[in-house]
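# Observations on the model geometry
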Amino acid sequence: MRELRFHRDLYAGEQVDAALKVYERFGTFTTSEEGEHFVVRVESKSAARERRLAGELANYALGLTIRGRGAT
Amino acid sequence: MNLLEIGADGLDTGKPAFFRFRPLGDRVLLTNLEGRFVVLDDADFGRFARGEVEAGTPLFEQLSRENFLRESFDEAKAAAMIRARRRFLDAGPNLHVLVVTLRCNTTCVYCHASRANMDEVETDMTPEIAERAIDLILQTTSDYVTIEFQGGEPLVNFEVVKHAIEYALSKNASAGKQLEFTMVSNFALLDEEKLDYLLEHRVQLCTSIDGPADLHDSVRKLPRADGSAHGHAVRWTRRINERYRELGLEETLYHVEALVTVTRELLHRERELVDTYTELGCRALFLRPLDPFGFADKTQHLIEYPREDYLAFYRRTVDYIIERNKQGVEILERYAAIFLTKILNGEDPNFLDVRQPAGAGIGQLAYSYDGQIFTCDEGRMLDAMGDSSFRLGDVHMSSYRDLVGHETVRAVVLAGQLDGHPDCVHCAYNPYCGIPPVHSHKSQGSIWGRKRESSLCHVHKGILDYLFEKLATADQETLEVLQRWTTSRSRDHFLHRVTVGAV
Amino acid sequence: MTQRFAGVPDVLAHADLDDSSAELTVDSTLYSLESVYGASFTFIDRCFVFLDRPAEGQLRVTLAAKKSATQDELRGFVGEFANELLACAWREKITAENRGAIEAVTMQALAGAMGPPSLDELEDFDFSEEPFEDPLGIAMSWEEKYGKDKAKRKQGEGPEAAAPEPAEEEA
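A brief structural summary. Values in this document were obtained by computation on a predicted structure and should not be read as measured data. The written sequence of each chain sets the order in which its residues are numbered from 1. Whichever chain is written first is A, and whichever ligand is written first is 1; the rest continue in order. Totals for whole chains, interfaces and linings use all residues, but because this is a predicted model, local features are given only for residues with pLDDT of at least 70 and pairs of side-chain atoms are given and counted only at 80 or more. The side-chain figures draw on all heavy atoms in the structure; neither hydrogens nor water molecules are used.

### Notes on the overall build of chain A
Helix and strand counts for chain A stand at 2 helices and 3 strands. In sequence order, chain A lays out its α and β elements as β-α-β-β-α. When contacts within chain A are restricted to residue pairs at least 6 apart in sequence, long-range pairs at least 24 apart make up 69% of them. To measure how exposed things are, a 1.4 Å probe is used in the Shrake-Rupley method; for residues, cover is taken only from the protein chains shown. Summed over its atoms, the accessible surface of chain A is roughly 3,900 Å², and 46% of this surface lies on carbon and sulfur atoms. Here a strand is any run of E in DSSP of at least two residues, a helix any run of H or I of at least four, and the numbering for each starts at the N terminus. By definition, residues are in contact when any of their heavy atoms lie within 4.5 Å.

Structure (C-alpha cells):
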C-alpha cells in the first residue's frame, strides 16, 4: 500500500477526483480527508506497480491543477 | 570593467538613457532599446555610468548620436528602428514547408528530417493533400510566399512536386502572391529531364555539403551501388550553376545554395570546408551547429561536441573566410550576415530562427506528407519522435485562421519574446537575438527554457562576441567585408509575380 | 536510505536512494506557488512530482525518478529544479513588468498573421458566448450593477439616491 497526501492549498480537490477517475481501473484507491489533506491509499499487484500508479496519479493531478489555474 | 569601483551609489540614473552592457575584452559594449550600439573603453564607460559626460565632447556626440543620453533622446528615431526590427509582425507565414515524402535514398547520421526507407511508399504525400495544403498556403496574409519542398528526399516523389508547383501557379493567378519555390535535395536522383522542369519553373535549388568528400560521405551515406553522396551533390551543383550561366543569370546572385551541418569531425577542417565551398562557386556558408532534432538526438555520442569547441571553430572559419574575401573571393558566413544586418543596418532580415518572436506559426508552417500541419519543420520532426506538442491541425479540417490563431502559436509567440526571459532581459544582445521555443522545448523541457543553460544561447552569444570584437577592433578592409555581407539583393528570377485582375 | 547531497544542507534537500527520489524544501516566502508549479511541470517527463506543505512558509517537493536513479542523478535533478525554480520566479516578475510590450507584440503578430475574419467565419461565430470577464461590470446593466440601489428605489427613494456608491463598493 502506498499513501499519497494532497494538500488542499496545493491541489484542487476536483482535479484529484478527476485523476482518480482516470486511474481507478489500474488499482484500488481508498480516499479520505485528514485535516489539510486529501489522502489517497493506492493498492496494486506489486510495490513497483503501486509506486508507478501513485506517481502517475500524482503527476496527473498536478497537471490538471496547474492547467486549471492557468499557470505555466 | 569598473562597475564595482563605481559602486551602486556612483551610478547616475538621470543622464544615461536605457542601456544594456557586456564586457568585450578590455572594453564595454553598450546597446540600447532599439539596438544601436557603442563600444567604450573603461574610462569612458565610467564617465557615462556616473553621468559625467560633458556636452560638446566627442564622447557626448557619439552617445547622443546613438541615442544613449536622456537629454537628447530621440523617441521618434528609436520608435522607427524598433518598428523596422519588427516589420515581420505585419504579415503571416511566408515560408511553407511541404514534406512531400519521408522516403530518402541516403542515411545521414544526424538526419533532421525523419526519414523512411525507399519502399515505404505510404509516406508519400498524395496530390490531393498537396492541393489542400496549397489552398491553405495561399490564404496567408503575407504577400510573399515561399513553398519549400522537403523530405525525406523530395525527388523521390517528384510527380507530386510537379503537381504542387502547377496547382500553386494556377491558384496563385487569383491569390496574387509573390510566389517562390525552393527544393532541398541531395541531388542523387536528379537527371537532366527533372532539372529542365525545375529550371523552367524557376525552382531555387539547395543542397547539403558537409565538407570534403570523405567527411561528407561518412555522415551522408548512399547505398554503395549508388556511388558517393558527395559526388552527386558536387556534380549537380556544378551542372546547375552552369545552367544558370547559360540562362544569362548573374552567377554572384544565382547559384546553388549549400548548407553544412557541423559535426565533430569537421571542427579541425575549416579551411578544407571553405575551399570546398568556394571551389563550387557557393557564395554563402552557414555554419549551423548540430541541433537536437531527428537522429542527431540518438547519435550525439558520435557527432556532438562542446559548444566551446564549436565557437573556436567558428572564429577560425570566419577569420579564414574574411581572409579569402580580402583576396577577392566573395563568400559570406550566413550566421554573421544575419546578425550583422541587424547590428549595422538596424533591420531584421527575417531569418525565422533568429528573430523574436521566432517564426513558428506566424512566419512558417510545415505540412507533413499525411496532411498534418505544424508550427515549423522542427515541430514536425518532434512529432515523428513521438511528441505532438507543435501540431496545429491538418489540411482537411483546419482553416487558415484556426492554424495561425491556434493556442500553441499564441504560446510560442509569447515564449519567443526575450523581454520575458531572465538573463535575456538584461543581455546586451537582446535586440539581435532570438531562440526558437521549439529548441528550448526539446533541449530543456519547456518552451521557455533557461537561456543561461541553453546551448543555442551559448552559440549566439559566442558569435556575437566575435562579431562585436571585429567591429570594435578590425582594420578598415575587414569592416568593409563585414558591411558587404549585410547587402541583400533580391533574386527576382525566382519570383512568380502575378497581378490580380490582369490574368 | 536517506542520504545527504554533498554541499547541500540536509534541511534543504536530501535523497532516498531506496526509492530513487529526492526531497527539496522551498521557502514559500521567496518563491511563489506559481513558480513552484512551473518548475515542477518541467520534471513530469522524468519524475513523479509530489508537493506538500510541511509547515507554514515551506513547500516540500519530492522528485521520484521514473527509472532507477543514482545519487548523482538525483543531485542533478535537485540542482536543475532549483535553477528552473529561480528562472520561473524571475520570469514571473519580468513578464509582469514587461507585460505591455509583450502583449503588444503578441497581438500584432497574431493579428498580422490571422488577418480579418471572412464573412463565413463571422457567420459561424457564436456571439452568445461570454465575450470576456468583466470585473468592473462595464458590460452589466444598471440594474445588475447597482442592485442595492434598485432595492432602495423600490422603497420609494428618489432617482438621485440611485447614484452609484463610491468606488469601494465596486472594488
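Having seen the model, we can carry on.
### As for the overall build of chain B
Broken down by element type, chain B carries 19 helices and 16 strands. Put simply, chain B has 503 residues, and 60% of those count as buried. Here the analysis covers contacts within chain B between residues at least 6 apart in sequence; of these, 71% occur between residues at least 24 apart. For chain B, the accessible surface area stands at approximately 20,000 Å², while carbon and sulfur atoms represent 48% of it. Exposure categories follow from relative accessible area, calculated using a 1.4 Å probe and restricted to protein chains: below 20% of the type maximum is buried, above 50% is exposed, and the middle band is partly exposed.

### Observations regarding the sheet that holds strand β15 (residues 372-374) of chain B
All names here are of chain B. Whether two strands pair depends on DSSP finding at least two bridges between them. The mixed open sheet is built from 9 strands, whose spatial order is β12-β10-β8-β7-β6-β4-β14-β15-β16. Of all strands in the sheet, those with a lone pairing partner are β12 (287-289) and β16 (391-394), marking the two edges. The sheet shows a mean angle of 25° between the axes of neighbouring strands, taken without regard to direction. Pairing between strand β14 (residues 364-367) and β15: 2 bridges, direction antiparallel. Bridged to A366 within β15 is F374. All axes are obtained by fitting lines to C-alpha atoms, using only the stretch in contact for helices, and the reported angles, taken between N-to-C directions, cover 0 to 180 degrees.

### A few points about the interface of chain C and chain B
In this assembly, 24 residues from chain C lie in contact with 32 residues from chain B. For the chain C and chain B pair, buried surface summed over both sides reaches about 2,300 Å², with 63% attributable to carbon and sulfur atoms. Salt bridges are defined as contacts in which a side-chain nitrogen from Lys or Arg sits within 4 Å of a carboxyl oxygen from Asp or Glu. For the interface between chain C and chain B, the tally reads 2 salt bridges. The residue R450 of chain B makes a salt bridge to E80 of chain C at a minimum N-O spacing of 3.3 Å. For the purposes of these results, a polar contact is taken to be a pair of N or O atoms within 3.5 Å, where, inside protein, one atom must be able to donate a hydrogen and its partner to accept one; residues adjacent in sequence count only when each atom of the pair is a side-chain atom. At the junction of chain C and chain B, the tally comes to 11 residue pairs in polar contact (both at pLDDT 80 or more). Taken together, the elements giving at least two residues each to the side of chain C that touches chain B come down to α2 (71-97) and α3 (99-114) of chain C. By buried area we mean the combined loss of accessible area, with a 1.4 Å probe, across both parts when two parts are placed together.

### A word on the sheet that holds strand β1 (residues 2-4) of chain C
Note: strands within a sheet are paired through backbone hydrogen bonds, in either parallel or antiparallel orientation. Residues and elements named next belong to chain C. Read from one edge to the other, the open sheet built from 5 strands follows the order β1-β2-β3-β5-β4, with strand pairing classed as antiparallel. Each of the sheet's edge strands pairs with one partner strand only, and the pair in question is β1 and β4 (47-52). Neighbour-to-neighbour, the strand axes of this sheet turn through a mean angle of 25°, independent of strand direction. The pairing of strand β2 (residues 13-16) with strand β3 (residues 21-27) spans 4 bridges and is antiparallel. Looking at the pairing, A13 lines up with L24 of β3. Packed on one face of the sheet, helix α1 (residues 33-41) meets β3, β4 and β5 (58-65) and runs near 165° to β4.

### Some thoughts on α1 of chain C
Turn by turn, an α-helix covers 3.6 residues, leaving residues three or four places apart pointing in a common direction. Burial of α1 of chain C is extensive: 7 of the 9 residues sit out of reach of the surface. All of the buried residues in α1 of chain C are L33, S35, V36, Y37, G38, A39 and S40 of chain C. The inward-facing, buried residues of α1 of chain C abut α2 (47-69) of chain A together with β3, β4, β5 and α2 of chain C.

### Considering the packing of aromatic side chains
All names here are of chain B. By convention, a stacked pair of Phe, Tyr or Trp rings (six-membered ring in the case of Trp) has centres within 6.5 Å and planes under 30 degrees apart, an edge-to-face pair has planes over 60 apart, and any other such pair is tilted. The final tally for this structure, using the stated rule, is 23 aromatic pairs over all chains. Here F149 and F181 contribute two aromatic rings whose centre-to-centre distance is 6.1 Å and whose plane-to-plane angle is 15°, an arrangement assigned as stacked. In this pair, F149 sits in strand β6 (residues 144-150) while F181 sits in strand β7 (residues 178-184), placing the two residues 32 residues apart along the sequence. The class of F149 is buried, set by a relative accessible area of 0%. Here F181 falls in the buried class, since its relative accessible area comes to 0%. A ring pair is formed by Y429 and F468, whose centres lie 5.6 Å apart and whose planes are at 10°; its orientation type is stacked. Note that Y429 is positioned in the loop between α16 (407-415) and α17 (437-444) and F468 in helix α18 (residues 455-473), a separation of 39 residues in sequence. The exposure class assigned to F468 is buried, which follows from its relative accessible area of 0%. The aromatic ring of Y197 is capped on one face by K162, whose charged end is 5.5 Å from the ring centroid. We count a charge as sitting over a ring when the NZ of a lysine or the CZ of an arginine lies within 6 Å of the ring centre and within 35 degrees of the ring normal. In this structure, K194 packs its charged tip against the face of F158, placed 5.9 Å from the ring centre.

### Here's the deal with unusual backbone geometry
All names here are of chain B. Here the residue pair G151 and G152 is connected by a cis peptide bond, since its omega of 25° sits within 30 degrees of zero. Here G152 shows up in the loop between β6 and α6 (158-175). Here the residue pair Q356 and P357 is connected by a cis peptide bond, since its omega of -10° sits within 30 degrees of zero. Inspection of the secondary structure puts P357 in the loop between α13 (334-345) and β14. Backbone geometry at F187 places phi at a positive 70°, although glycine is not the residue there. Residue position: F187 is located in the loop between β7 and α7 (192-200).

### Thoughts on a nonpolar patch on the surface
Any residue with relative accessible area above 30% and no salt bridge may belong to a patch, with like charges joined within 9 Å and the nonpolar Val, Leu, Ile, Met, Phe, Trp and Tyr side chains within 5 Å. Taken together, the side chains of F18, L33 and I82 of chain B define a hydrophobic patch exposed on the protein surface, amounting to about 260 Å² of accessible area. On the secondary structure map, F18 of chain B appears in the loop between α1 (3-10) and β1 (19-24).

### Here's the deal with empty space enclosed by the protein
Residues and elements named next belong to chain B. Here the term cavity refers to a set of points on a 1 Å grid, laid over the protein atoms alone, in which a 1.4 Å probe fits but cannot get out; the term pocket refers to an open set having protein on both sides within 12 Å along at least five of seven lines, with lining residues being those that place an atom within 4 Å of a point. Grid points are joined across faces, edges and corners, and a volume is the space filled by probe spheres set on the points. Across all of its chains, the model carries 4 cavities of 30 Å³ or more by this definition. Its boundaries defined by the atoms lining it, the largest cavity holds a volume of some 100 Å³. What lines the largest cavity is L418, D423, C424, C427, Y429, N430, C433, I435, C457, H460 and K461. In the lining of the largest cavity, the residues fall into 7 nonpolar, 2 polar and 2 charged. Size it by volume and the second largest cavity reaches roughly 50 Å³. Looking at the second largest cavity, the residues that line it are R85, R86, K342, D348, R355, Q356, P431 and C433. Basically, the charged four are Asp, Glu, Lys and Arg, the nonpolar ten are Ala, Val, Leu, Ile, Met, Phe, Trp, Tyr, Cys and Pro, and anything else, Gly included, counts as polar.

### Points about the packing of α16 of chain B against α3 of chain C
Remark: α16 of chain B packs on α3 of chain C, axes separated minimally by 10 Å, with the N-to-C direction vectors making an angle of 140°. As judged from the angle between their axes, α16 of chain B and α3 of chain C are oblique. Where α16 of chain B crosses over α3 of chain C, the handedness of that crossing is right-handed. Contacts from V409, R410, V413 and L414 of chain B in α16 of chain B reach I102, T106, A109 and L110 of chain C in α3 of chain C. Here the angle decides the label: under 35 degrees means roughly parallel, over 145 means roughly antiparallel, 65 to 115 means roughly perpendicular, and every other value means oblique. By the definition used in this description, the sense in which the near helix is turned from the far one sets the handedness, with an anticlockwise turn below a right angle giving left-handed and a clockwise turn giving right-handed.

### Considerations on the nonpolar core
Residues and elements named next belong to chain B. Residues enter a nonpolar core if they are buried and are Ala, Val, Leu, Ile, Met, Phe, Trp, Tyr or Cys, with the set joined through side-chain atoms within 4.5 Å. Ranked by size, the top nonpolar core spans 66 residues in total, and within it L98, I147, F149, M183 and I240 carry the most contacts. Residue contributions to this core peak at 7 residues, all from α6. Among all residues touching L98, those that are not within four sequence positions of it are M125, A133, I137, I147, E148, F149, Q150, A164 and Y367.

### Remarks on the pairing of β3 of chain C
All names here are of chain C. Counting the residues in the hairpin turn of β2 and β3 gives 4 residues, including S20, whose phi is positive at 50°. Pairing of β3 with β5, which is carried by 7 bridges, proceeds in the antiparallel orientation. Residue pairing in the sheet places L24 in a bridge with V61 of β5.

### Digging into the pattern of salt bridges
All names here are of chain B. One pass over the full model with this rule turns up 50 salt bridges over all chains. The salt bridge partner of R269 is D214, with a shortest N-O separation of 2.9 Å. One end of the pair, R269, is in the loop between β10 (257-262) and α10 (270-279); the other, D214, is in helix α8 (residues 213-219), with 55 residues separating them in the sequence. Each of the salt bridges in this network shares a partner with another, and the network as a whole consists of E192, D196, R239, E242, R243 and E246.

### Focus on α16 of chain B
Those residues of α16 of chain B that fall on the buried side of the exposure criterion are T408, V409, V412, V413 and A415 of chain B. Summarising the contacts, the buried residues of α16 of chain B are in contact with β16, α15 (400-404) and α17 of chain B together with α3 of chain C.

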